[in-house]
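# Remarks on the overall topology
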Amino acid sequence: MPGGLEFQLRPTESGWRIWIGDPGRPVRPIRNYAAIATPPLRGPNALVIEGWHFRNADNSGPNDPGPKNLNLPQRRRGFFFVLTEADYFAAQAALAVVLWPSGRSEAEVEAAEEDFQRIEKAEAVLHVETLELDNLALGKRAWIERMSFAVKILARDG
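Here's a quick rundown of the structure. Bear in mind the structure is a predicted one, so any value in this text is a computation, not a measurement. (Residues numbered from 1 in each chain as written. Predicted model: local features only at pLDDT ≥ 70, side-chain atom pairs only at ≥ 80, totals over all residues. Heavy atoms only, no water.)

## Examining the overall build of the chain
Stated precisely, the cut-off is as follows: Helical segments are the DSSP runs of H or I of at least four residues, strand segments are the runs of E of at least two, and each set is numbered from the N terminus. Partly exposed residues are those whose accessible area sits between 20% and 50% of the maximum for their type, while under 20% is buried and over 50% is exposed, using a 1.4 Å probe and protein chains only. Residues are treated as being in contact if the distance between any of their heavy atoms lies within 4.5 Å. Computed with a 1.4 Å probe, the accessible areas rest on the Shrake-Rupley method; for each residue, only the protein chains presented here act as cover.
The secondary structure content of the chain amounts to two helices and six strands. Helices (α) and strands (β) of the chain occur, in sequence order from the N terminus, as β-β-β-β-α-α-β-β. Here the chain holds 158 residues, and the buried ones make up 37% of them. Partitioning the contacts of the chain with sequence separation of at least 6, the portion at a separation of at least 24 is 61%. On the chain, roughly 9100 Å² of surface is accessible, and the fraction owed to carbon and sulfur atoms is 53%.

## Concerning the packing of aromatic side chains
Using the following cut-off: Here a pair means two rings of Phe, Tyr or Trp (six-membered ring of Trp) with centres within 6.5 Å. Their orientation is stacked below 30 degrees between planes, edge-to-face above 60, and tilted elsewhere. Two conditions define a charge sitting above a ring: the NZ of Lys or the CZ of Arg must be within 6 Å of the ring centre, and it must be within 35 degrees of the ring normal.
Under the counting rule described, the total for this entry stands at four aromatic pairs. Consider the rings of Phe 7 and Phe 149, whose centres lie 6.1 Å apart with planes at 45°: the pair is tilted. Note that Phe 7 is positioned in strand β1 (residues 6-11) and Phe 149 in strand β6 (residues 143-156), a separation of 142 residues in sequence. Ring centres of Phe 79 and Phe 81 lie 6.5 Å apart, and the angle between their planes is 40°; on these two criteria the pair is classed as tilted. Exposure class is identical for Phe 79 and Phe 81. Each is buried. Here the aromatic cluster, defined as three or more aromatic residues joined through ring pairs, consists of Tyr 33, Tyr 88 and Phe 89. The residue whose ring lies beneath Arg 10 is Trp 19, and the NZ or CZ to ring-centre distance is 4.0 Å. Note that Arg 141 overlies the ring of Trp 52, its terminal NZ or CZ placed 4.2 Å from the centroid.

## Some words on the sheet that holds β1
Strands belonging to one sheet form pairs held by backbone hydrogen bonds; the direction of such a pair is parallel or antiparallel. Threshold: Paired strands, in this sense, are two strands between which DSSP finds at least two bridges. Structural elements are reduced to axes, namely lines fitted to C-alpha atoms, with helices fitted over the stretch in contact, and the angle between N-to-C directions of any two is expressed from 0 to 180 degrees.
One open sheet accounts for three strands, arranged β1-β2-β3; its pairing is antiparallel. Looking at strand neighbours, the two that pair on one side only are β1 and β3 (48-50), the edges of this open sheet. Across this sheet, the average inter-strand angle for adjacent strands is 25°, counted without regard to direction. Pairing of β1 with strand β2 (residues 15-21), which is carried by six bridges, proceeds in the antiparallel orientation. In the sheet register, Leu 9 faces β2, and the bridge partner there is Ile 18.

## A closer look at the nonpolar core
Put simply, the test is: Joining through side-chain atoms within 4.5 Å is the link that ties buried Ala, Val, Leu, Ile, Met, Phe, Trp, Tyr and Cys residues into a set, and such a set is a nonpolar core.
Counting 33 residues, the largest nonpolar core has Ile 18, Ile 20, Ile 49, Phe 79, Phe 81, Val 82 and Leu 126 as its most contacted members. Of all the elements in the fold, those that place two or more residues in this core are β1, β2, β4 (76-82), α1 (85-99), α2 (106-118), β5 (121-134) and β6. A total of six residues in this core trace back to one element, the largest contributor, which is α1. Not counting residues within four places of it along the chain, the set of residues in contact with Phe 79 comprises Phe 7, Ile 18, Ile 20, Ala 34, Thr 38, Leu 47, Ala 122, Glu 123, Ala 124, Val 125, Leu 126 and Val 151.

In structure tokens, the structure reads:
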């Protein structure tokens, strides 16, 4: 990984969360260099890979297009990440203004958006190659029993 960063899949209750960070940093506070850079920054995004994402709303079948579709990422998970701790903190400061603009001027918000865009980021994609789900009962929440994947760094901006 660029700059000595490490890629991990960290377990969740029903799947995995993509984590990129500095393996030499203490565990607390957890700094996920991907979470600070992957949109949407509120709500589900490509970093969380859980079994129910691959099932429809009532867990009666696959999450195919149609009335029960859940608008969630599927097997291709594109994401971004910052490359340094300094960029992590710069992104955090800019996003504090952009995501919570109350009491700030339009010029402050625009400057923070520009600051965030200037931060160097890398782009990557995780592709779920095989997937075995369990808990496929109607009205329940599916989880991932087994999964294989490949990750590829695509590009760096800047």
